[in-house]
Amino acid sequence: SLATPARAAAPRQVTIDGAAGGRVFDGVGALSAGGSSRLLIDYPEPQRSRILDYLFKPGYGAALQILKVEIGGDTNSTDGAEPSHMRTPSDLDCDRGYEWWLMEQAKARNPRIKLSALQWGAPGWAGSGEARPTVWTTPDIDYLTSWLGCAARHHLHIDYLGGWNEAYSDPGWYVRLHQALRDHGHGDIKVVADDSFNWDVLGPIAADAGFRDAVDVVGQHYVCGYLSDYLRCPSPAAAQALGKPLHASEQGSLPYDSGAAPLARALSRPYIDGGMTSTINWSLIASWYDTMPFQASGLMGADEPWSGAYVAGPSIWATAHTTQFTAPGWHYVDSAKGYLNGGGSYVALRSPDSRDYSLVAETVDATAPQRLRFSVTGGLPDRPVAVWSTDLSSTDSRRWFVRAGSVRPGDTLTLRPGHVYTLSTTTGQGKGRAVSPPPAPLRLPYRDGFQSYADGATPRYISDLDGAFEVSPCTGRAGRCLRQVIGTQPVWWNGWLRRPVTVVGDLKSWRDYEAGVDVRLDGDGWAELLGRVDGQWADAVSGIHLRLSADGDWQLYDENLRGQDSTLCVPSDPACAGVARQRTHPAQRRTLAAGHAAVPARKWHRLRLGFSGDQVTASLDGARLARVGTPVHASGQVGLGVSPWRHAEFDDLSVTPVR
Ligand code: 147
C-alpha cells in the first residue's frame, strides 16, 4: 500500500485548504495545427474512432479539456499546409480540411470540451501585401469572423481566438478584432494575445489601455523552454499582477514516448511557477508522414492510415492524471502547490462547490522515494480518496494509469521516483483498452486516378506541404484530376516552403519503384514529379525531382538537406526580433541531367521516374530523358510540385514496384 506509517524523516506536509486562494483552472488541451492531424481522417474504422476516444472521450484516455485548431491558410505551417475556408474575398467553403470534422468528433465525445482557434497564415488577399506580408489587416478580421460563421454552421461554439501564431502583435489590430467579435455576436469569445514568446506582449499591454481591454487571456508559448527538460515554467510578476488568465497556449513538440516525463512536469509547473491556468500541447496527435519535421511529436501517434496502427502511450496517461480528475472552472488550491525536496512537484485543485478535490504529484526528477503527508481542511471532504499512479520509467502499459488503492487525509504516502500520482475524491475514471493493429508498410502498387472523390476533396493519403491540391474536373480530358488551386502567395508563417508541393507514400519501404503521373501545365511555369522523398526541412523537399517547364525545358535534380542550418530561429536571438524563425535555409540542389523537349503547353504529358538501387531513370511521354545515379536517397515517397502559384493538373498517379 502507498500509505506508510510516519517514520523519523519528516515527510512534506501538504494541506489542501478549500478556503485558500487559487486561480481558476481553464483546462489542459492539445493543438491540431501544421498538418499534424492530416492522416487521421484517412484511418479506417474502428481504429479511427478508438483513437478519437483515446484523445477526447471522458474516462477513457487523455480526456482533453481544450482542443485548439489551426485556421488553415493554404500555407506550410510545419508538417503541411491546411486548407483555408476563404481563398478569395468571394469564396467561402465551410467544409474544407479536417479541423471541422475533428472539432465535431471532440464535441460528440465531450460536449463540454472548449475550442480554441488560431491562424498560422492566411490567403494573400487577407494580408498586408508587403514584401513580408502580415495579417494585421481589416480584411483578415473579416476573414476570421467568416471562419467563426463557418464554425456556427457546424454548430461549434469557439471559446478562444488568437491573433497570429508566433508573430508578435499589432495592438491596434487586436482592438479592432475585439470590436468586430462584438459586432458579429461573438462577444463571448475570449481573445488570446499573443501566442508568442518571452512575455514580450506585456510591454504593449502595459502601454496601451485599449489593447489591455481587448485582450482576455495572455497566452505564451514554450514557457518551460523549448525541446528541453521543461523544468521551470516562470512568468514575470507583471503578468501575474495583470488580473487576466495566463495560458501556456502552446508547448510540447516532444515525442509521445520520450516526451511523457517533460510533459508531466509541464502540466503542473506552469501554474506552480507562473500562475498559468491552461496548457496546450503541440501536437494533439502525430498524424503526419515521418518525412516531415518533428517526427512523432504528439500526445499519441497515428501515421499509418493503411494499417490502422496507432500508439497510445505514456503521454496520454500523463495527461489523464490531470484531465480525468478536474474540469475547467475548478480552482487551484494555493496552499497545496510546490516542489518536493528530492525532486518532483505537486498541485491541488478543487471543484467550485468544494465537494471534490484532486492532488496531482509527479516525481519524474526524483532519484529516491519522496514522502508526502496530506491533510484536508477548509470545507473539503475529509474521507478516503482513490489513488491512481503511472510509472513513467516503465514501458509496460500495465503500469500506466492504474488504480492503486485508497488513502485518507492524514496518511503519509511514499511516492516512488519517475511516477505521476493523482489522489482524488472524484469517480468515473477509466483506462481505454482498445489495442492497435500491428504496423505495416504501405504496399505497392499504389494508384490514384482521382475518379472516386467529390470535387474539392483531398485524395486519400495525399498530404499537401504547401498550397492546396484538390480533386476537380480535368481540363482537356474526361473525368477528375488533381489540381493545385491556390493562385497567389498566401501570407506565410515561417516562409520556408513557398511553392506548392504534395507528397504521398511510405518513407522506408518504397525503394525500387516506377512512379508516373500525367501532368498538364496551364500555359506557364513548371510541374514536377518527385521520387524517393526522404525528408523536408526549411525550403528543401529532399528527394529526386523531375521538372517539366511549359517551354519544354526539363531538369532532373537532387534536392537534399545537407548543408541545412537546422537550428531554429530562437526568439532570444536578436536576429529573430519581431518574427520567429525568419531565417532562410536555402536548399542544396544538384542538377543530374537537363534538356529540352518539344512539348506543346496545355496538353497532357506523362512524367516517369524509375528507381532501381542507386539508378534513376526519367522519361517523358514514354521516351527516356536520362539515366543517372541517385546520390543520396535510398527510399522515399513520391510527390508533385507546381511553380508558384500556377494551377497545374495531375492525373493517374501510379507507383509500381520494380525488381
Ligand atoms: C512551434 C509552432 O508554433 C508549431 O506550429 C510547431 O511548428 C512547433 C514545432 O516545434 O513549433 O514554433 C516554435 C518556434 C520556435 C520556438 C518554439 C516553437 N522556439 O524557438 O522556442
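A few points on the structure.

Cut-offs applied
- Residues numbered from 1 in each chain as written.
- Predicted model: local features only at pLDDT ≥ 70, side-chain atom pairs only at ≥ 80, totals over all residues.
- Heavy atoms only, no water.
- Axes fitted to C-alpha atoms, helices over the stretch in contact; angles between N-to-C directions.
- Helix = DSSP H or I, 4+ residues; strand = E, 2+ residues; numbered from the N terminus.
- Parallel < 35°, antiparallel > 145°, perpendicular 65-115°, else oblique.
- Left-handed = near helix turned anticlockwise from the far one by under 90°.
- Contact = heavy atoms within 4.5 Å.
- Nonpolar A, V, L, I, M, F, W, Y, C, P; charged D, E, K, R; others polar.
- Phe/Tyr/Trp six-rings, centres within 6.5 Å; stacked < 30°, edge-to-face > 60°.
- Lys NZ or Arg CZ within 6 Å of the ring centre and 35° of its normal.
- Buried < 20%, exposed > 50% of the residue type's maximum accessible area, 1.4 Å probe, protein only.
- Salt bridge = Lys/Arg side-chain N within 4 Å of Asp/Glu carboxyl O.
- Disulfide = S-S within 2.5 Å.
- Pairing = 2+ DSSP bridges.

Section: the packing of helix α8 (residues 260-274) against helix α9 (residues 314-323)
Alright, step 1. Their axes nearest at 9 Å, the elements α8 and α9 cross at an angle of 20 degrees. Comparing their axes, α9 and α8 come out roughly parallel. Between α8 and α9 lies a crossing whose hand is right-handed. Of the residues in α9, those touching α8 at Ala260, Leu263, Ala264 and Leu267 are Pro314, Ser315, Ala318, Thr319 and Thr322.
Alright, step 2. Looking at the contact of α8 with α9 residue by residue, the classes come out as 6 nonpolar, 3 polar and no charged.

A look at the packing of aromatic side chains
Alright, step 1. A full pass over the atoms with the stated rule returns 28 aromatic pairs.
Alright, step 2. For the ring pair Trp282 and Trp288, a centre distance of 5.4 Å and an interplane angle of 20 degrees mean the geometry is stacked.
Alright, step 3. One aromatic cluster is present, built from ring pairs that chain together Tyr54, Tyr60, Tyr310, Trp317, Phe325, Trp388 and Phe401.
Alright, step 4. Above the ring of Trp317, the side-chain terminus of Lys431 is found at 5.9 Å from the ring centroid.
Alright, step 5. A cation over a ring is seen here: Arg547 above Trp526, with NZ or CZ 3.5 Å from the ring centre.

Re unusual backbone geometry
Alright, step 1. Following Glu45, the chain continues into Pro46 via a peptide bond in cis, with omega recorded as 5 degrees.
Alright, step 2. Tracing the backbone through its elements, the reader meets Pro46 in the loop between β3 (27-32) and α1 (47-56).
Alright, step 3. Cis geometry marks the peptide bond from Leu444 to Pro445; its omega dihedral reads 0 degrees.
Alright, step 4. In this fold, Pro445 is placed in the loop between β21 (419-424) and β22 (446-448).
Alright, step 5. Here Thr78, not a glycine, exhibits a phi torsion of approximately 135 degrees, which is positive.
Alright, step 6. Structurally, the position occupied by Thr78 is in the loop between β4 (66-71) and α2 (99-109).
Alright, step 7. Here the phi dihedral of Trp199 falls at roughly 60 degrees; this positive angle occurs in a residue that is not glycine.
Alright, step 8. Inspection of the secondary structure puts Trp199 in the loop between β7 (190-196) and α5 (202-207).
Alright, step 9. Residue class for Trp199 comes out buried when judged on its relative accessible area of 9%.

Considerations on the pattern of salt bridges
Alright, step 1. Counting across every chain of the model gives 30 salt bridges.
Alright, step 2. Residue Arg87 is joined to Asp74 by a salt bridge in which the shortest nitrogen-to-oxygen separation is 2.9 Å. Here Arg87 is found in the loop between β4 and α2, whereas its partner Asp74 is found in the loop between β4 and α2, with 13 residues between them in sequence. Per residue, the accessibility class of Arg87 equals that of Asp74, and both read buried.
Alright, step 3. Linked by salt bridges that have partners in common, Asp74, Arg87, Asp91, Asp93, Arg96 and Glu470 make up one network.

Some words on the state of the cysteines
One way to say it: the disulfide is the covalent bond shared by the sulfur atoms of two cysteines.
Alright, step 1. All chains considered together, the criterion is met by 3 disulfides.
Alright, step 2. Between the sulfur of Cys224 and that of Cys233 lies a disulfide, 2.2 Å long from S to S. Linking Cys224 and Cys233, the disulfide has an S-S dihedral of approximately 105 degrees and is accordingly described as right-handed. The residues Cys224 and Cys233 share a single accessibility class, namely buried.

Let's talk about the sheet that holds strand β30 (residues 553-560)
Alright, step 1. Spatial ordering of the open sheet is given by β23-β26-β35-β28-β29-β30-β31, a layout of 7 strands whose pairing is antiparallel. Looking along the sheet, the strands with just one partner apiece sit at the ends: β23 (463-466) and β31 (588-596). Direction aside, the axes of adjacent strands within the sheet are offset by 20 degrees on average.
Alright, step 2. Pairing between strand β28 (residues 526-537) and strand β35 (residues 637-642): 5 bridges, direction antiparallel. Within the sheet, the bridge partner assigned to Val533 lies in β35 and is Gln637.

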